[in-house]
Amino acid sequence: MSELYQALAQGLLIGATYGLLALGMGLVYGVSGVVNFSHGDFISLGMFMCLALYSAFAMDPYVSIIITVPLMTAIGALVYIFLIRPMVGHQFLMVVQLTLGLSLVLQNGILMVFGGEPARTPSFVESKLIILGDTVLRLPHIIAFVVSFALAIGLYIMLRATDFGRSIRAVHQNAHAAALMGINVGRVQVLTFALGIGILALAAALLLPGTPIQPNMGLRYTVITLLVVVLGGMTNFVGIMLGGLIIGIAEAFGTIYLDGPIGLLLPYIIFVAIMLFRPKGLTWSSAR
Amino acid sequence: MLEIDNLVAGYGGVPVLREINAKIAAGEIVGLLGANNAGKTTLINSLSGMVKPISGRILFLGEDISKLTPQARVELGIVQVPEGRLVFPEMSIRENLLLGGINAHARKHRPQQMEKVIGLFPRLGERLTQSAGSLSGGEQQMLAIGRGLMAEAKLLMLDEPSLGLSPLFVQYIFEIIDKLHADGLTILLVEQNLNLTLRHARRCYVLERGQVAAEGDAETVKNDPRTRSAYLGL
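On a predicted model such as this, the values are computed, not experimentally measured, just so you know.

About the thresholds
Residues numbered from 1 in each chain as written. Chains lettered and ligands numbered in written order. Predicted model: local features only at pLDDT ≥ 70, side-chain atom pairs only at ≥ 80, totals over all residues. Buried ≥ 20, exposed ≤ 12 C-beta atoms within 10 Å, placed from the backbone. Helix = DSSP H or I, 4+ residues; strand = E, 2+ residues; numbered from the N terminus. Pairing = 2+ DSSP bridges. Axes fitted to C-alpha atoms, helices over the stretch in contact; angles between N-to-C directions. Contact = placed C-beta atoms within 7 Å. Parallel < 35°, antiparallel > 145°, perpendicular 65-115°, else oblique. Left-handed = near helix turned anticlockwise from the far one by under 90°. Nonpolar A, V, L, I, M, F, W, Y, C, P; charged D, E, K, R; others polar.

Q: Please set out the pairing of strand β6 (residues 78-81) of chain B residue by residue, giving values where relevant.
A: Within a regular strand, side chains alternate between the sheet's two faces. All names here are of chain B. Judged by which residues are buried, β6 turns out to be covered on both faces: I78 and Q80 on one side and V79 and V81 on the other are all buried. Note that β6 and strand β7 (residues 155-159) share four bridges and pair parallel. By the bridge assignment for β7, I78 is matched with L155.

Have a look at this one:
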């Protein structure tokens, strides 16, 4: 029984951050129709930036975000303006190719600078544990959960109640009409992409404590994010957060209850099973 | 107010409009007629800045606006109510109206402007929280016009406002258009429906294959044989 609680708690905590990762991708897809296959490599980039800042200034990852978030946001804006924007509106596959290429560039760039050895970035909370009955929770996971949910709620409010948020939704629903309202559609697309990458910098710091990092781990995060976004129905906010929790829990169950490869496969098996019955995502209802 | 001077415009360098000359005076209601594919929508999209001119000029209040972005033109008060209404279906009526007034110029006056729009369309005011996608076609047209007014339009360009509406709603929408005109708003009415437009617009331009085939006051245009040929393609 205690194992069950352990798996559930661990899955929920990490799942919230997966949901946050996927919200960034979903927003970008919603306003630009771009699926960014280098998403996960930007997470690695964020993590290695934290590592660099630790090596140089002994900076804790949670402090590094003061630097990594603005930097990654700016990188996101530049990548969109100079690489992705010229491709948008042409072949969808061209954009996929481009972001896959970008993924390789990022991966190998990180490899060149940091080498291929797994590295760790210590944090002051890294080894702190919180014990609730039989369940042992790691403090970094709790921080990740709380911050991810707070950010998700903040994003939700931003989308509902601010002019910028309404512009994002307007561009998503009808870009032509949005332009006729006087919304600068190109600017909204750049800012959304930059925001999506900026969120990754935060998520990177949340996922980092206690996790060994390697230059080639980006693809795994990209795949997880894609699973979550597809489960959530691409642009459905609540669906995406729910999808994050499901994939997080599936992953925790897989590692705790099952041995070896099967355990690692569990999130994918569950994903396929859900897609068989709800091909348009979790929140899709047949009535509409 | 608006002067179109030898405008050539189209898509991908291929002209759709060829040397259009037209004028709209302040407070006027002008009809833009023509069959399908005559270039009506391309013309108002050129005025909105959604289609870039190949040559020629567009003057608004004496200023050349032909190089301005769509946003800059909305801020000047050149506002389009697009064909097919294009309301934001997953947003409420209120949010649609707020988006109508999102440009830098209109943003400050949104509460007052919204009261005016609700005064004009009480039906919208009764269901501000309802999603726009759940409205009937006629209600969506009201919302699209209301959304255009939120932008503090000086020149309101209506693209096919009667399209797909029941006769009762068409009559209602055109009463509203007359009312806006009476209040001093300058209106460009783009319509396929010849008789309806001639009843409401003082002056008309008839487009045929991207060129002005006939122009003048409603009576002249009605009796001009070129109007008939533009419609029947004879």
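Q: Just give me the short version of the sheet that holds β7(B), but keep the residues and values in it.
A: Residue and element names in this part refer to chain B. If you trace the six strands from one edge of the open sheet to the other, you get β6-β7-β8-β3-β9-β10, paired in mixed fashion. At either end of the open sheet lies a strand with only one pairing partner, and these are β6 and β10 (211-217). The average undirected angle you get between the axes of adjacent strands in this sheet is 20 degrees. Examined bridge by bridge, strand β3 (residues 29-34) and strand β8 (residues 186-191) share five bridges and lie parallel to one another. Each bridged residue has a counterpart across the sheet, and for G31 the counterpart in β8 is L189. Running at roughly 155 degrees to β8, helix α7 (residues 167-182) makes contact with β3, β7 and β8 of the sheet.

Q: With reference to specific residues and values, describe helix α1 (residues 40-48) of chain B.
A: All names here are of chain B. Burial runs high along α1: eight of the nine residues are buried. Along α1, the residues that are buried comprise K40, T41, T42, L43, I44, N45, S46 and L47. Among the residues trailing α1, G49 stands out with phi positive, at a value near 90 degrees.

Q: A description of the packing of helix α2 (residues 39-57) of chain A against helix α8 (residues 185-207) of chain A should follow, citing residues and the corresponding values.
A: Residue and element names in this part refer to chain A. Contact geometry of α2 with α8 gives a least axis separation of 8 Å together with a crossing angle of 55 degrees. One finds that α2 runs oblique with respect to α8. Where α2 crosses over α8, the two elements pack in a sense that is right-handed. In this structure, α2 uses F42, I43, G46, M47 and C50 to contact α8, whose residues at the interface are I197, L200, A201, A203, A204 and A205. A per-class count over the contact of α2 with α8 returns 10 nonpolar, one polar and no charged.

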